[in-house]
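# Coordinate analysis (summary)
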Amino acid sequence: MLSLSVTAGDAVYDIHISPGVWEASAEALARWRGRRAAVVADSNTAPLFRPRMAAALTASGITPTLLTVPAGEASKCHAQLLSLYTGFLDMALTRADLVVALGGGVVGDLAGYAAATYLRGVPLLQAPTTLLAQVDSSVGGKVAVNLPQGKNLVGAFCQPALVLIDPDTLRTLDARQLGAGLGEVIKYGCIADAALFAQLEAAGSRAALASMLPDIVCRCCRIKAGYVARDPLDFGPRMELNFGHTLGHALENALGYGALLHGEAVCLGMLAAARWGEAAGVTPPGTSARIRALLTALGLPTDAPPVPPEALARAAKLDKKAAGDTVQLVLLSGIGRAVLRPTSRAQLAAWLREEARACG
Ligand code: GLY
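Here is a short report on the structure shown in this document. (Residues numbered from 1 in each chain as written. Predicted model: local features only at pLDDT ≥ 70, side-chain atom pairs only at ≥ 80, totals over all residues. Heavy atoms only, no water.)

### Brief notes about empty space enclosed by the protein
The cut-off we apply is this: A pocket here means an open set of points on a 1 Å grid, computed over the protein atoms alone, that has protein on both sides within 12 Å along at least five of seven lines. A cavity is instead a set of points where a 1.4 Å probe fits but cannot get out; residues with an atom within 4 Å of a point line either one. Grid points are joined across faces, edges and corners, and a volume is the space filled by probe spheres set on the points. Runs of H or I in DSSP of at least four residues are treated as helices and runs of E of at least two as strands, each being numbered from the N terminus.
Applying the stated criterion across every chain yields a total of three cavities of 30 Å³ or more. Taken as a whole, the largest cavity encloses approximately 50 Å³ of empty space. Along the walls of the largest cavity sit Asn-242, Phe-243, Gly-244, His-245, Thr-246, Leu-247, Gly-269, Ala-273, Trp-276, Leu-329 and Val-330, which together make up its complete lining. Of all elements in the fold, only α11 (245-255), α12 (262-279) and β11 (326-334) reach the threshold of two or more residues within the lining of the largest cavity.

Written out as structure tokens, the structure reads:
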């Protein structure tokens, strides 16, 4: 089993990565104070994983109650949050018990926000089943729901009590979902790990990467744990994890949630940020071409669907990394090295107009 520990302010917790890790954690779960678990899954993950998770919890002496939400980004909303609170009330969940987030990023964020706020906090076990959730959203404590105006606008920091990653769950992902996770893996290579980027380039295809995924997941979690330890509340270096997210979030918002998966939008955002960095003289020429070649080799999007320029500009105004007239852009000073660059909103607007023109 691959294991690592995350420190985030006062919180310290483990990530365990291995096939069968839910069952292998029975002893640790048997020592849990509470005897009930609300297992939150979506309509895709519930039939696939609920029986296994329920059996693992039951073997630990914990009684699971399944709460299901519809699959998709639209579930990260206050209506579904309310339905989870109602489920928690019905099962008499207490602060000694557990909320288990069993699924991808949507389930993790929604169940996590419910756990953070119900009774002012119920312990959270993250059991991510998508690549994106395994390498990013299940680690570091960001939980949120969307508002109609934008993504993740209401949220909290709620570090999980434990993260259990079973790489075998990735076998159930369709090509698009797996690709969205690979986008986030490439992001880690871009911002912090040139050797990982080179490993992905050398693999050159998804098929060649398949057997490397458990190690790659662990490597990404280790990078993320480093950022979280240095900056648990996201006021400084942790913002580098948002490489590709300025355009990515704006595209998701402008096109309507679901048109692009989050990881797909990040691919397009990384490419744009590399181009912007080259234009600003921060990023060495040729970097965006290298990123484009890797995205293409791994079957990831390199061209955005048509989007109205005003919609893109409006969406970018919601960027959470903005302060006054300045936006913190994450650029690259090379593959494996991110830098935060304060950029005027006027400059960003000009670049966004160009992006909108380019996707025609
Ligand atoms: N997903 C970015 C972060 O956790 O900071």
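Following the structure, the description resumes.
### Description of the nonpolar core
For the record, the criterion: We call a set of buried Ala, Val, Leu, Ile, Met, Phe, Trp, Tyr and Cys residues a nonpolar core when their side-chain atoms join them within 4.5 Å. We call a residue buried when its accessible area falls under 20% of the maximum for its residue type, exposed when it is over 50%, and partly exposed in between, using a 1.4 Å probe and counting protein chains only. Any two residues whose heavy atoms approach within 4.5 Å at even a single point are treated as in contact.
Within the largest apolar cluster, 52 residues are counted, with the highest numbers of intra-cluster contacts made by Ile-15, Leu-131, Ile-186 and Ile-291. Counting residues per element, this core draws most heavily on helix α10 (residues 213-230), which supplies 10 residues. Non-local contacts of Ile-15, meaning those with residues more than four positions away in its chain, are made with Leu-2, Ser-3, Leu-4, Val-6, Val-139, Val-163, Ile-165 and Cys-221. Within the second largest apolar cluster, 25 residues are counted, among which are Tyr-85, Phe-88, Val-99 and Ala-114.

### Observations concerning the packing of aromatic side chains
To describe a pair of aromatic rings, one takes the distance between the centres and the angle between the planes. Spelled out, the test is: Whether two aromatic rings pair depends on their centres lying within 6.5 Å, for rings of Phe, Tyr and Trp, where Trp uses its six-membered ring; planes under 30 degrees apart make the pair stacked, over 60 edge-to-face, and the rest tilted. The criterion is that NZ of a Lys, or CZ of an Arg, lies within 6 Å of the ring centre and within 35 degrees of the ring normal, and then a charge sits over that ring.
Counted by the stated rule, this structure contains four aromatic pairs. Seen in terms of ring centroids, Tyr-85 and Tyr-118 are 6.1 Å apart; in terms of plane orientation they differ by 25 degrees. Their pairing is stacked. Here Tyr-118 lies in the loop between α5 (105-117) and β6 (124-128) and Tyr-85 lies in helix α4 (residues 78-90), a separation of 33 residues in the sequence. A connected cluster of aromatic rings, assembled from ring pairs, spans Tyr-85, Phe-88 and Tyr-118. Above the plane of the ring of Tyr-227 lies Arg-230, whose end atom (NZ or CZ) is 4.9 Å from the centre.

### Focus on a nonpolar patch on the surface
Rules: What makes a patch is a set of residues exposed beyond 30% relative accessible area and free of salt bridges, joined within 9 Å when like-charged and within 5 Å when nonpolar (Val, Leu, Ile, Met, Phe, Trp, Tyr). In this description, accessible areas are obtained by the Shrake-Rupley approach with a 1.4 Å probe, and a residue is regarded as covered only by the protein chains that are shown. Salt bridges are counted wherever a side-chain nitrogen of Lys or Arg sits within 4 Å of a carboxyl oxygen of Asp or Glu.
A surface patch of nonpolar side chains, about 350 Å² in accessible area, is lined by Phe-157, Leu-233 and Phe-235. Looking at the secondary structure, you find Phe-157 in strand β8 (residues 150-157).

### Focus on the sheet that holds strand β2 (residues 11-17)
Rules: When DSSP finds two or more bridges between two strands, those strands count as paired. Between N-to-C directions, angles cover 0 to 180 degrees, with each direction set by a line fitted to C-alpha atoms, over the stretch in contact for helices.
The sheet built from seven strands is open, its strands ordered β1-β2-β9-β6-β5-β3-β4 with mixed pairing. If you trace the sheet from one side to the other, it starts and ends with β1 (2-8) and β4 (63-69), each paired once. The mean angle between the axes of side-by-side strands here comes to 20 degrees, regardless of whether they run parallel or antiparallel. Sheet topology note: the β2/strand β9 (residues 162-165) ladder contains four bridges and is parallel. Residue pairing across strands places Ile-17 opposite Ile-165, the latter belonging to β9. Each of β1, β2 and β9 touches α10; the most contacted strand, β1, lies at about 15 degrees to it.

### Some details on the site of the ligand
Applied cut-off: Residue proximity to a molecule or strand is established when one non-hydrogen atom of the residue lies within 4 Å of it. Two N or O atoms form a polar contact when they lie within 3.5 Å of each other; inside protein one atom must be a possible hydrogen donor and the other a possible acceptor, and for residues adjacent in sequence the pair counts only when both atoms belong to side chains. Only Asp, Glu, Lys and Arg are considered charged, only Ala, Val, Leu, Ile, Met, Phe, Trp, Tyr, Cys and Pro nonpolar, and every remaining residue, Gly among them, polar.
Within the structure, the ligand sits among Asp-136, Lys-142, Lys-224, Arg-238 and Leu-241. Within the side chain of Asp-136, a nitrogen or oxygen atom sits 3.0 Å from a nitrogen atom of the ligand. One of the side-chain nitrogen or oxygen atoms of Lys-224 is found 2.6 Å away from an oxygen atom of the ligand. Protein contacts shield 90% of the accessible area of the ligand, which totals 200 Å² for the unbound molecule. Among the residues forming the shell around the ligand, the class breakdown is one nonpolar, no polar and four charged.

### A few points about the layout of surface pockets
If you add up the space inside the second largest pocket, you get close to 170 Å³. In this structure, the second largest pocket is lined by Leu-247, Leu-251, Leu-268, Leu-271, Arg-275, Arg-292, Thr-302, Asp-303, Ala-304, Glu-355, Ala-358 and Cys-359. Where the lining of the second largest pocket is concerned, the elements lending two or more residues are α11, α12 and α15 (345-358). With three residues, α12 is the single largest residue contributor to the lining of the second largest pocket. Partitioning the lining of the second largest pocket into residue classes produces seven nonpolar, one polar and four charged.

### With respect to the packing of helix α14 (residues 309-316) against α15
Counted only if it meets this: With the far helix as reference, a near helix turned anticlockwise by less than a right angle produces a left-handed crossing, and one turned clockwise produces a right-handed crossing.
Direction vectors running N to C along α14 and α15 enclose 145 degrees, while the axes themselves pass 9 Å from each other. Between α14 and α15 lies a crossing of right-handed hand. For the pair α14 and α15, the contacting residues are Pro-309, Leu-312, Ala-313 and Ala-316 in the first and Arg-345, Leu-352 and Ala-356 in the second. Split into classes, the residues belonging to the contact of α14 with α15 amount to six nonpolar, no polar and one charged.

### Focus: helix α3 (residues 45-59)
What counts, and what does not: Helix span, as expected, comes to 1.5 Å for every residue beyond the first. What we call the bend at a residue is the angle made by axes fitted to the seven residues finishing there and the seven residues starting there.
Between its first and last C-alpha atoms α3 spans 21 Å; for 15 residues at 1.5 Å apiece the expected length is 21 Å, and the two agree. Maximum bend of α3: about 30 degrees, positioned at Pro-51. For α3, the elements touching its buried residues are α1 (21-24), α2 (26-30), β3 (36-42), β4, β5 (98-103) and β6.

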